[in-house]
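Secondary and tertiary structure notes
Single-letter residue listing:
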Amino acid sequence: MLLFLLFLLAAGEAAAAAAATTLTATPAKLTQSDREITIRWSGLPDPDGLDYVGIYSPPTSSDRDFLGYLFLNGSATWRTGAGELTLPRLPNLRAPYQFRLFRWPAREYSYHHIDHDGNPLPHGRHRVAASGEVAFDSPSRPDQVHLSFADGVDEMRVMFVCGDGGRRVVRYGPAKEEGEGWKEVAAEVRTYEQKHMCDSPANSSVGWRDPGFVFDGLMKGLEPGRRYFYKVGSNSSGWSDTYSFISCDNEANETIAFLFGDMGTYIPYNTYVRTQDESLSTVKWILRDIQALGDKPAFISHIGDISYARGYAWVWDHFFNQIEPIAANTPYHVCIGNHEYDWPLQPWKPWWATGIYGTDGGGECGIPYSVKFRMPGNSFVPTGNGAPDTRNLYYSFDSGVVHFVYMSTETNFVQGSDQYNFIKADLEKVNRSRTPFIVFQGHRPMYTSSNEARDFAHRQQMLQNLEPLLVTYKVTLALWGHVHRYERFCPMKNFQCVNMSSSFVYPGAPVHLVIGMGGQDYQPFWQPRKDHPDVPVYPQPERSMYRGGEFGYTKLVATKEKLTLTYIGNHDGQVHDMVEIFSGQVSNNNGVSEVIDDTNLSTGVSTKLKIPLFSLEIVGSVMFALVLGFSLGFLIRRKKEAAQWTPVKNEET
């Protein structure tokens, strides 16, 4: 009886303390442009460093099923029992937010409930106060706008998310203000349900949140290389901002692209998984470069491990809000990685893949990736559990003078598979006079000097089945992610270098680059060399021309004569590595390609012409003068470049 009375007394004291503690969140209404929330509390007795505010949406979520949390000690005044915290730009989750203040005694730490890094997670047992609801003023207004190329050269696709599945349209035209010349097209709508997720946490109450409705609009009849303006939505549910883009121009004589892998998402609070703060810098510098282009077209290529949601649905919302400043104005292309698809029972798991595929996808099975993006082509595999098909696996398109190919390293690619047949047929029909360069992209690398032992069998199959295609069809660059580093190899064929320079005419094998340095902060170890087993920083093998752990991205600029790929670091926005590959073609004044080595690149047939001796003498004199002038100019330029910055082969030394 005495113990029961003591329990009632303690409960009464806790209730009194809770009644005296206040928690507020302002503003109560968020707008599309202003989503910052300020959280204030006061009257908290005996504050402790582990006290925290939990973040919830929808407000009906149980105390245990938070989106994330912030420790009160993030406020300078927390020891007084009062303080203030700010959350920048929370995404529209199509439901209100609520915030709850909890006590978390250190004695209740539990290593049975941990986050991605093994740290104890709050258990939500001792709620002290709760805020009112914070909602969006227009929850059904379009959000998460992003572009991509479509199958037609005169088309551009736009996708966006709304809180309901009602009718939405895309309005677009060549003038900045809506009016004459603008067209309207209806958008298709899709969604997916909790039952479609194949495993935990994606299908659990902790990870699942309503994804809203994904709309897909196709703008058609676009003139090549022209700026168009557009907006999405409806009169009844609201409109997006007005965005713009440069339409495709496959006859353009210049190609510009920004390429990276493994970027991930910045989230301004603690949550169940590690998030990628550095991804903000990647977006910032790419936005700088895009704005500097003016009216030159470009596109973005993100080769796998997109948001790193790992089954926590709202991370996708954060990701699309993060990329919207670039993706709403520049086509954004993706290929699938292990963190989108990986699941032990996925439909394709060959005998040699034992130990490779696990639970990296967090039970998503590629469903959010397949619905939230729509790439050119129609590649898919059934999920095997009644859910929507897994899409956006392999496809290709021309952009100016470059043919781009995307593959799925997560689904079957060996000889005889649908994907292998697609890649072979696609490479066979490339028009090298129009697109002298081919850029091939996939997530898991064929070549890397990182110590990725788990993927060894996977790389062996890629070398056996895919490398012969890349060599036979003269692929210029092969770009990979997965390893969160930058590494450039020499042109490779069966682990052998065919050229050791950083500027050369295409030598007969592709240059392989690992570009998984977009934002994920887990850095693998380099592979030890047998002749240096005890060196702390393992020396690079000769085939590795440059490698480093600096976050960043690559920029590709190509004309018919030359393709240049530069590696830009996030810490300074400057170039840290570069490779130049010459096609062996030149363009005459009519824009027609000519071969300068007397051999047609696509047929191998000699193109030598019979020219009178006198004409040859004149041409020879002119060529000598040009070569002399070019050589002097080249030496002067190299001297200037050397004075500006010194290339570093390995930033770790």
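Residues numbered from 1 in each chain as written. Predicted model: local features only at pLDDT ≥ 70, side-chain atom pairs only at ≥ 80, totals over all residues. Heavy atoms only, no water.

Regarding the state of the cysteines
- The full count for this structure, using the stated rule, is 2 disulfides.
- Bridging cysteine 198 to cysteine 365, the disulfide has an S-S length of 1.7 Å. The chirality of the disulfide connecting cysteine 198 with cysteine 365 is right-handed, given an S-S dihedral of about 90°. In this pair, cysteine 198 sits in the loop between β14 (188-190) and β15 (213-219) while cysteine 365 sits in the loop between α4 (338-341) and α5 (367-372), placing the two residues 167 residues apart along the sequence.
- Judged by its relative accessible area of 13%, cysteine 198 falls in the buried class.
- Classification of cysteine 365 as buried rests on a relative accessible area of 5%.
- Bonded cysteines in the chain are paired 1-2, 3-4 when counted in the order they occur along the chain. (Disulfide = S-S within 2.5 Å. Helix = DSSP H or I, 4+ residues; strand = E, 2+ residues; numbered from the N terminus. Buried < 20%, exposed > 50% of the residue type's maximum accessible area, 1.4 Å probe, protein only.)

Considering the confidence of the model for the chain
- Confidence in the prediction for the chain averages 87 pLDDT; 86% of positions are at 70 or higher.
- This stretch, residues 589-653, has a pLDDT under 50; its non-local contacts, to residues over four places away or in other chains, come to 49 contacts. (pLDDT = per-residue confidence, 0-100. Contact = heavy atoms within 4.5 Å.)

Structural notes on the packing of aromatic side chains
- Applying the stated criterion to the full structure yields 45 aromatic pairs.
- Measuring from ring centre to ring centre gives 6.5 Å for tryptophan 316 and phenylalanine 373, while their planes differ by 70°; the resulting arrangement is edge-to-face. Residue tryptophan 316 is located in helix α3 (residues 314-327), and its partner phenylalanine 373 is located in the loop between α5 and β22 (380-381); the two are separated by 57 residues in the primary sequence. Of the two residues, tryptophan 316 and phenylalanine 373, neither departs from the other in class, the shared state being buried. (Phe/Tyr/Trp six-rings, centres within 6.5 Å; stacked < 30°, edge-to-face > 60°.)

What to know about the sheet that holds β15
- With respect to topology, 4 strands assemble into an open sheet ordered β10-β11-β15-β14, the strand pairing being antiparallel. Sheet topology places β10 (143-149) and β14 at the edges, where each strand pairs with a single neighbour. Strand-to-strand, the axes of this sheet are offset by a mean angle of 25°, without reference to chain direction.
- Across 5 bridges, β10 lies against strand β11 (residues 156-162) in antiparallel orientation. Among the inter-strand pairings, serine 148 is bridged to a residue of β11, identified as arginine 157. (Pairing = 2+ DSSP bridges. Axes fitted to C-alpha atoms, helices over the stretch in contact; angles between N-to-C directions.)

Examining the pattern of salt bridges
- Applying the stated criterion across every chain, the model contains 31 salt bridges.
- The residue aspartate 51 makes a salt bridge to arginine 103 at a minimum N-O spacing of 3.1 Å. With aspartate 51 in the loop between β3 (37-42) and β4 (52-56) and arginine 103 in strand β7 (residues 98-103), this residue pair connects regions lying 52 residues apart in the sequence.
- Among the residues examined, aspartate 51 registers a relative accessible area of 1% and is labelled buried.
- Between aspartate 117 and arginine 274 there is a salt bridge; the shortest N-O distance is 2.4 Å. (Salt bridge = Lys/Arg side-chain N within 4 Å of Asp/Glu carboxyl O.)

What to know about helix α6 (residues 418-428)
- Among the residues of α6, Gln419, Tyr420, Ile423, Asp426 and Leu427 are the ones counted as buried. End-on, the buried residues of α6 take up no more than an arc of 135°, which puts them together on one face.
- In this fold, the buried residues of α6 make contact with β24 (395-399), β25 (402-406), β26 (437-442), α7 (456-465) and α8 (467-472). (Arc of directions from axis to C-beta.)

Details of the sheet that holds strand β8 (residues 126-130)
- Across the sheet, which stays open at both edges, the 4 strands sit in the order β5-β4-β7-β8 with antiparallel pairing between neighbours. In the strand order of this sheet, the two ends are held by β5 (68-71) and β8, each with one partner. With strand direction ignored, the average angle separating the axes of adjacent strands in the sheet is 30°.
- With 5 bridges joining them, β4 and β7 adopt antiparallel strand pairing. Looking at β7, one finds that tyrosine 52 is bridged to phenylalanine 102.

With respect to the pairing of strand β16 (residues 227-234)
- With 7 of 8 residues buried, β16 is to be regarded as a mostly interior element.
- As defined by bridge partners, strand β12 (residues 169-173) adjoins β16 across 5 bridges and the pair is classed as antiparallel. For tyrosine 172, the partnering residue across the bridge sits in β16 and is tyrosine 230.
- Sheet analysis places β16 next to strand β18 (residues 243-246), joined by 4 bridges and oriented antiparallel. Bridge pairing in β18 places tyrosine 228 opposite phenylalanine 245.

Considering the nonpolar core
- If you look at the biggest cluster of nonpolar residues, it comprises 119 residues, and the most contacted ones within it are Phe99, Tyr230, Tyr332, Phe373, Leu477 and Leu556.
- For this core, the element with the highest residue contribution is α3, accounting for 8 residues.
- When residues of this core are assigned to domains, at least three fall in each of domain 1 (22-136) and domain 2 (252-582).
- Within the second largest apolar cluster, 32 residues are counted, among which are Phe413, Leu463, Leu469 and Met545. (Core = buried A, V, L, I, M, F, W, Y, C linked by side-chain atoms within 4.5 Å. Domains from an automatic or database assignment.)

As for the environment of aspartate 360
- Turning to its location among the elements, aspartate 360 is positioned in the loop between α4 and α5.
- Put simply, aspartate 360 and histidine 339 are 21 residues apart on the chain and 4.9 Å apart in space, counted from C-alpha to C-alpha.
- In contact with aspartate 360, not counting residues within four places along its chain, are Arg310, Asn338, His339, Asp342 and Arg454.
- Of note is the side chain of aspartate 360, whose polar atom sits 3.3 Å from the side chain of arginine 454. (Polar contact = N/O pair within 3.5 Å; in protein donor to acceptor, adjacent residues only side chain to side chain.)

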